[in-house]
Amino acid sequence: MRNILVTGGSRGIGLAIARRLAASGDYNVVAVARRESGELAAAIREAQRCLHFRACDLAATDAIPAFAKSVRDKFGAIYGLVNNAGIGTDGLLATMSNSQIEALIRLNVLSPIILTKYVARHMMADGVGRIVNISSIVASTGYSGLSVYAASKAAVTGFTRSLAREVGKVGITVNAIAPGFIDTELTSSLDDQGRRRITGRSALRRLPEADDVASMVEYLLGEGGRNITGTVLTVDAGNTA
Amino acid sequence: MSVKSKIFSAMKQIAEEQKVALPPLEDDLPLNDTGFDSLALAILVARLEDELGIDPFTVAEDAAFPSTLGEFVRAYENVPA
């Protein structure tokens, strides 16, 4: 079974991805997070040895090389990497603290880039691999109060396109998924009115769900994704249509 | 097998996979003249990390990539495994 590393795998979209991939029977999934949530622990019990938890604070970028090596030593070659971990601190730029800005850019941009470096090197040596980065529709639209988050997600799409060019020659695909607004802890600060406004703006008059993003990840990792690289796939129930 | 011979055998294998004609491997051979492009060198470093358990180029803060094959080999010999 192919090993897939999913960061931010204890909650929200990451947990949905980890669950779906483990349930497919095609993958051995390693969910990465600072702490194992109760929901992830339950999913691990259900998945019967196809889903594992590894603790890592990805914001501590110095520890990433050793972490990547420990996963490879324990589980073997990593076929797929899903860079999903992120924080969504909102607020007007004018009043956001500099330390909040730095922490957001660190976890949403620097951490996935460095983790990808250490995982992709071995994919290159193996001549096979799939990388999926979770971006956001906010990378290409605009939303007041999310300027820093949006900057981090736009960075992810830029990273995706150029890395796809770099590693395509050795058989690795790199893609980004841009979800629309999805109800998770990360978006809990949005009130009902804001939620209704986003729903009303969406072609399908509903919000996408975490599992919709998980389906897209599954597709990109599977046979259907073999000739898709360097692109951004939008899963937003038509919000940006 | 010495570190040097492990490096040389990894290079020969990658040259074969990447269809690169490898010149005779001498200490003063510039890495640019090995026929390896940056991608092939990245694959070499990754394979050697698997085999030797070390990557001398990401540990160092001021990592200047070596310019000759001899310097490249010494970078591995000088790192305590």
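Everything that follows concerns the structure shown earlier in this document.
Residues numbered from 1 in each chain as written. Chains lettered and ligands numbered in written order. Predicted model: local features only at pLDDT ≥ 70, side-chain atom pairs only at ≥ 80, totals over all residues. Heavy atoms only, no water.

Q: So what exactly am I meant to see when it comes to the pattern of salt bridges here?
A: Under the definition given, this model contains 12 salt bridges over all chains. A salt bridge links Arg-72 of chain A to Asp-50 of chain B; the nearest nitrogen and oxygen atoms lie 3.4 Å apart. Placement of the pair is Arg-72 of chain A in helix 3 (residues 64–75) and Asp-50 of chain B in helix 2 (residues 38–52), with the two residues belonging to separate chains. By relative accessible area, Arg-72 of chain A is classed as buried at 13%. (Salt bridge = Lys/Arg side-chain N within 4 Å of Asp/Glu carboxyl O. Helix = DSSP H or I, 4+ residues; strand = E, 2+ residues; numbered from the N terminus. Buried < 20%, exposed > 50% of the residue type's maximum accessible area, 1.4 Å probe, protein only.)

Q: Explain the pairing of strand 2 (residues 27–33) of chain A to me, please; I cannot follow it from the model alone.
A: Regular strands show a simple pattern: their side chains alternate between the two faces of the sheet. Residues and elements named next belong to chain A. For strand 2, the buried fraction is high: seven of the seven residues fall into the buried class. Side-chain alternation along strand 2 places Tyr-27, Val-29, Ala-31 and Ala-33 on one buried face and Asn-28, Val-30 and Val-32 on a second face that is also buried. In the sheet, strand 1 (residues 2–7) pairs with strand 2 via six bridges, with the strands oriented parallel. When the sheet's bridge partners are listed, Arg-2 is paired in strand 2 with Tyr-27. Sheet analysis places strand 2 next to strand 3 (residues 51–55), joined by five bridges and oriented parallel. Bridge pairing in strand 3 places Ala-31 opposite Phe-53. This β-α-β element, strand 2 to helix 2 (residues 38–47) to strand 3, shows right-handed connectivity. (Pairing = 2+ DSSP bridges. Right-handed = clockwise from strand over helix to strand, strands pointing away.)

Q: Honestly, the packing of helix 4 (residues 98–126) of chain A against helix 5 (residues 147–167) of chain A in this entry has me stumped. Any pointers?
A: Two measures define how a pair of helices packs: the angle their axes make with one another and the distance between the axes. All names here are of chain A. Between helix 4 and helix 5, the least distance of the axes is 9 Å, while the angle of their chain directions is 15 degrees. Classed by the angle they form, the pair helix 4 and helix 5 counts as roughly parallel. In this structure, the crossing between helix 4 and helix 5 has a hand that is right-handed. Note on element contacts: helix 5 touches helix 4 through Val-148, Tyr-149, Ser-152, Lys-153, Ala-155, Val-156, Phe-159, Leu-163 and Val-167, opposite Ile-101, Leu-104, Ile-105, Asn-108, Val-109, Ile-113, Thr-116 and Met-124. For the contact of helix 4 with helix 5, the per-class residue count stands at 13 nonpolar, three polar and one charged. (Axes fitted to C-alpha atoms, helices over the stretch in contact; angles between N-to-C directions. Parallel < 35°, antiparallel > 145°, perpendicular 65-115°, else oblique. Left-handed = near helix turned anticlockwise from the far one by under 90°. Contact = heavy atoms within 4.5 Å. Nonpolar A, V, L, I, M, F, W, Y, C, P; charged D, E, K, R; others polar.)

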